[in-house]
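As a plain string of letters, each chain reads:
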Amino acid sequence: MVKLTLMLLITVATGIVNIYSWREIFDHYDSARFQDYRSSLVPSKFTMSVMIFIMMVSFYYFSRHVEKLARTLFLWKIEVHEQKEKVYEMRRWNEALVTNMLPEHVARHFLGSKKRDEELYSQSYDEIGVMFASIPNFSDFYTEESINNGGIECLRFLNEIISDFDSLLDEPQFRCITKIKTIGSTYMAASGVTPDVSNGYSCMKEDQSDRERWQHLADLADFALAMKVTLMNINYQSFNNFMLRIGLNKGGVLAGVIGARKPHYDIWGNTVNVASRMESTGVMGNIQVVEDCYNILKEYGFRFVRRGPIFVKGKGELLTFFLKGRDKQGSFINGSSVTLPHQVVDS
């Protein structure tokens, strides 16, 4: 509108000047140049004013065309920016979803640009800890009667328990522990499979002492004790009497992701089988470990009660111990004192 107003003012002003102020000049020009056809020609002062008007209209049309293109490009830029934001947001959600499905270091492998679709992810570990924790008496609690809405309320309560266990993994002390999966009411986790904190808090395995190498196993034992405390608090609030039966073991495993749809991260090996047997042959309310774990964990101040030899399918008789807690609240890690939760130590 501003441009159009200015153009109209310029056109009107020029027309007035041509017709009135410069009238004698144009009349003299017409008489000198077109003296033979003067009666049949339009005076130059009018033709000049019309030409200026047409030129101004052309300029205005061109200006509107340029402005329209500029506005269109501007809207396209906004649309592209919004699409980029949506793509970024969608990628962020996809990464969060993949990270929830897979451990963070495995998710980075699959989200990397150099990964090939046919590539199989696998990684072997020599020194990790494996834990199985089940709630054997949950099956007695579960019922599909109408009072429990066909079992939905029981599943909702189990979800709250598992979610509380998962929230423990957000604590810095348990950053080296990775949740593997849940099978019914059984919770499976492993320590030392995360590359940047594998086998303790130092990244260079050859520079670690035995105490530093197995610090992740001590953290896994603390995690098992913390799970017992968490379930005890849930029992107190819900007036239930659930008890955990936990088995621990250490050793080498093979880790990998299987499945084209709903890919699943899992670990395999004799270490996993023995840890599962420690859970299935254990006693409710106790954490059962084999002698190798006992020899390592006792150096970190954990208290044990000797159970004795038990028969394990496929392994024969194994000497086992029950882990009862820690003798002291402070543990020495990498030359500094770390205070552990009181409930975890004395559970």
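The following refers to the structure shown. (Residues numbered from 1 in each chain as written. Predicted model: local features only at pLDDT ≥ 70, side-chain atom pairs only at ≥ 80, totals over all residues. Heavy atoms only, no water.)

What follows concerns the pattern of salt bridges. Evaluation of the coordinates by the stated rule reveals nine salt bridges. R213 serves as the salt-bridge partner of E127, at 2.2 Å between the closest nitrogen and oxygen. Taken together, the residues span a long stretch of sequence, with E127 in strand β1 (residues 122–134) and R213 in helix α7 (residues 210–213) at a distance of 86 residues. On the basis of relative accessible area, E127 is assigned to the buried category, the value being 13%. Using a relative accessible area of 18% as the deciding quantity, one classes R213 as buried. Note that D166 and K179 form a salt bridge whose closest N and O atoms lie 3.2 Å from each other. Placement of D166 in helix α6 (residues 152–168) and of K179 in strand β2 (residues 177–183) is noted, with a sequence separation of 13 residues between them. Assessed through its relative accessible area of 28%, K179 is described here as partly exposed. Residues joined in a network through salt bridges with shared partners are R64, E67 and R71. (Salt bridge = Lys/Arg side-chain N within 4 Å of Asp/Glu carboxyl O. Helix = DSSP H or I, 4+ residues; strand = E, 2+ residues; numbered from the N terminus. Buried < 20%, exposed > 50% of the residue type's maximum accessible area, 1.4 Å probe, protein only.)

Another aspect to go through is the pairing of strand β3 (residues 186–191). Here β3 lies mainly inside the structure; six of its six residues are buried. What you see with β3 is no split at all: T186, M188 and A190 on one side and Y187, A189 and S191 on the other are buried throughout. Bridge count for β1 against β3 is six bridges, and the pairing is antiparallel. When the sheet's bridge partners are listed, A133 is paired in β3 with Y187. Two elements, β2 and β3, share six bridges in a ladder whose sense is antiparallel. Opposite K179, over in β3, you have A189 as the bridge partner. (Pairing = 2+ DSSP bridges.)

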